[in-house]
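Structural features, examined
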Amino acid sequence: MKKKLLFICFLLALLQGRVNAQTTNDTTTVHTANGWYVGASGGVPFGVSTFSSFGADKTRFGWVAGAFGGYRFTPVLSLELFVKAGQTTLAVRENDVNANYWLGNDIVRYYAPVIDMEGWDYSNLKSKVSLQQYGLQGNINIPGIFCSDGNCRWIFELSPAISVLNTRADLITIAENKKVVEGKTKWHLGVGGNVQAGYRFTKHLSVGLYGGFTHLTGEHFDKLPKHLYKDNFIYEGGVKLTWSFGKDIQRIKQSPQTPAYIPVVREEVPIVREEVPATPQKEQITEPEKPQEEKPAEKVVITPTKAEEKALASFPTIYFEFNRSVIEVKEQPKLKEILSILRKNPDMKITITGWCDTVGARDINLRFSVRRAQRVKSWLIQQGIKASRISIIGKGSDFNEKIPAKARRTETKESKEDKK
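Residues numbered from 1 in each chain as written. Predicted model: local features only at pLDDT ≥ 70, side-chain atom pairs only at ≥ 80, totals over all residues. Heavy atoms only, no water.

Each helix and strand counted, the chain has five helices and 18 strands in total. Counting over 420 residues, the chain shows a buried share of 43%. Carbon and sulfur atoms make up 57% of the accessible area of the chain, which totals about 24,500 Å². (Helix = DSSP H or I, 4+ residues; strand = E, 2+ residues; numbered from the N terminus. Buried < 20%, exposed > 50% of the residue type's maximum accessible area, 1.4 Å probe, protein only. Areas by Shrake-Rupley, 256 points an atom, 1.4 Å probe, with all protein chains shown as cover.)

Bringing the sheet that holds strand 18 (residues 409–414) into the picture now. Paired through their backbone hydrogen bonds, the strands of a sheet run either parallel or antiparallel. Overall, mixed pairing links the four strands, which are arranged 15-18-16-17 in an open sheet. The sheet is open, and its two borders are formed by strand 15 (318–319) and strand 17 (390–397), each paired with just one other strand. Relative to strand 17, strand 16 (residues 350–356) runs parallel, the two being bridged by six bridges. Bridge pairing links T353 to I393 in strand 17. Strand contacts of helix 3 (residues 362–382): strand 15, strand 16, strand 17 and strand 18, with the helix running at about 155° to strand 17, the strand carrying the most contacts. (Pairing = 2+ DSSP bridges. Contact = heavy atoms within 4.5 Å. Axes fitted to C-alpha atoms, helices over the stretch in contact; angles between N-to-C directions.)

Moving on to the side chain of R372. Among the structural elements, R372 can be located in helix 3. Lacking a salt bridge, the buried R372 has D357 as its closest oppositely charged neighbour, with an N-O distance of 6.3 Å. When sequence neighbours within four positions are dropped, the list of residues in contact with R372 reads F320, E321, N323, R324, S325, W355, C356, R408, R409 and T410. (Lys, Arg positive; Asp, Glu negative; His and termini not counted. Salt bridge = Lys/Arg side-chain N within 4 Å of Asp/Glu carboxyl O.)

Here the focus is a nonpolar patch on the surface. Taken together, F73, L79, L81, V83, Y134, L136, I162, V164, W187, L189 and V191 make up a surface patch of nonpolar side chains, about 980 Å² in accessible area. Looking at the nonpolar patch, the elements that each hand over two or more residues are strand 4 (77–91), strand 8 (125–141), strand 9 (154–173) and strand 11 (186–200). Residue placement: F73 occurs in the loop between strand 3 (63–72) and strand 4. (Patch = residues over 30% accessible without salt bridge, like charges linked within 9 Å, V, L, I, M, F, W, Y side chains within 5 Å.)

This part covers unusual backbone geometry. Even without a glycine there, the phi angle at K223 is positive, about 75°. Mapped onto the fold, K223 is located in the loop between strand 12 (205–216) and strand 13 (233–244).

Where strand 9 and strand 11 come together, 14 bridges link them in antiparallel fashion. Pairing of L158 across the sheet is with V195, part of strand 11. Taken together, strand 11 and the strand that follows it, strand 12, pair antiparallel across an intervening segment of four residues.

Between its first and last C-alpha, helix 3 extends 30 Å over 21 residues, near the 30 Å set by a 1.5 Å rise per residue. Two residues or fewer past helix 3, G384 is found with a positive phi of approximately 105°. (Expected span 1.5 Å × (residues − 1).)

Right, let's talk about the packing of aromatic side chains for a bit. On inspection of all chains with the given rule, the structure shows 13 aromatic pairs. Geometrically, the ring pair formed by F233 and Y235 is stacked, given 5.9 Å between the ring centres and 25° between the ring planes. Of the aromatic side chains, those joined through ring pairs into one cluster are F51, Y101, Y111 and Y122. The aromatic ring of Y229 is capped on one face by R93, whose charged end is 3.7 Å from the ring centroid. The ring of Y101 is capped by R109, whose NZ or CZ atom sits 5.0 Å from the centre of that ring. (Phe/Tyr/Trp six-rings, centres within 6.5 Å; stacked < 30°, edge-to-face > 60°. Lys NZ or Arg CZ within 6 Å of the ring centre and 35° of its normal.)

Moving on to the sheet that holds strand 7 (residues 119–121). Pairing in this open sheet of three strands is antiparallel, and the strands run 6-5-7 from one edge to the other. Across the chains shown, the open sheet's two edge strands, defined by having one partner strand only, are strand 6 (109–110) and strand 7. In this structure, strand 5 (residues 102–104) lies alongside strand 6, joined through two bridges in antiparallel fashion. Paired with W102 across the strands is Y110, a residue of strand 6.

On to empty space enclosed by the protein. The final tally for this structure, using the stated rule, is three cavities of 30 Å³ or more. Each pocket or cavity is described by its volume, and for the largest cavity that value is around 270 Å³. Elements with a minimum of two residues in the lining of the largest cavity: strand 3, strand 8, strand 9, strand 11 and strand 13. Along the lines of polarity and charge, the residues of the lining of the largest cavity split into eight nonpolar, nine polar and five charged. (1 Å grid on protein atoms, 1.4 Å probe; cavity = no way out; pocket = protein on both sides within 12 Å on 5 of 7 lines; lining within 4 Å. Points joined across faces, edges and corners; volume = space filled by probe spheres on them. Nonpolar A, V, L, I, M, F, W, Y, C, P; charged D, E, K, R; others polar.)

By themselves these figures say nothing about function.
Put into structure tokens, the structure is as follows:
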């Protein structure tokens, strides 16, 4: 069940899109945690092997400190490298206190002391383990799935990890606190994971509490002979401090005067131009008995042809990313070009038409197309263009455009009514 849950979270992380940055003057700046980050951690480890940190006589606390660094690809998914060093102590388990086990100096477990061999009672021994850990872990931040703008402050991460560890266990008597066996370094492959819950207090600093475990392969790390138990785990809990370099993104401000995303439908009124025929000249009537009189020339009325009419202004097309209405950085010059045309023609009125591709439900695409047109209108209003000069239309999905990237767009045209 746990493996299925982790697999589903990974899929959600891969589907999560990155937030696009924008750099216009009239925008709001949002700092996201996406990008590089570093940090430090400190906590308490507990060991469970042949002996256990939760010993029969008392619980023995250790210490661990570490550093890490990584990169956050999306608000959901990040990958980091970590290194840790620490120490923990283990002693006999409660079930083995009355078993009268005896450990010889050959590190073999006996049921009774052996003549002419130095040894110690299990109940009078403790294993002091020093450890170092080097690993790689992936982090899946669950709140990031529901926080699409990348500015989510709450953190709840599931972090599967793989690592290599070296351990060295010294056996010490509990009563005399005397080291009786000095250990040697052993290497293990570690597989495990962590859970972290935290909060980002500033745009750079976040603090979290974590807990997790690591299963060590190979021999028991406490140096005791394997007995009954298959456990070989190190449990850990502590605090993480993270400094995120992050990224600043800028989003176009929504004008408070603009209405909600309601489709505005404007009827296209056809323009009918009547051709005024030239006034024909009157025939001259001559009378035989009277001399011919000269008449002034008739005025001829000539109407301009359609070719002579002033052409409509040409505006650039602005394209959008899938499932987004935020205007990208590369499209910013097009906004300024539209603004320049409107400033040069103070009486001009325009119509902005929004489109979507064919992915998704039609009613959702209709609302999204209006939102894209509204985003362009809001930016122009903030630059000083009167709202009465701008009309918007949402057309929804464009089934005639076969390339989805070209279907996600807004088109700007001079209003025909204004031209008439």
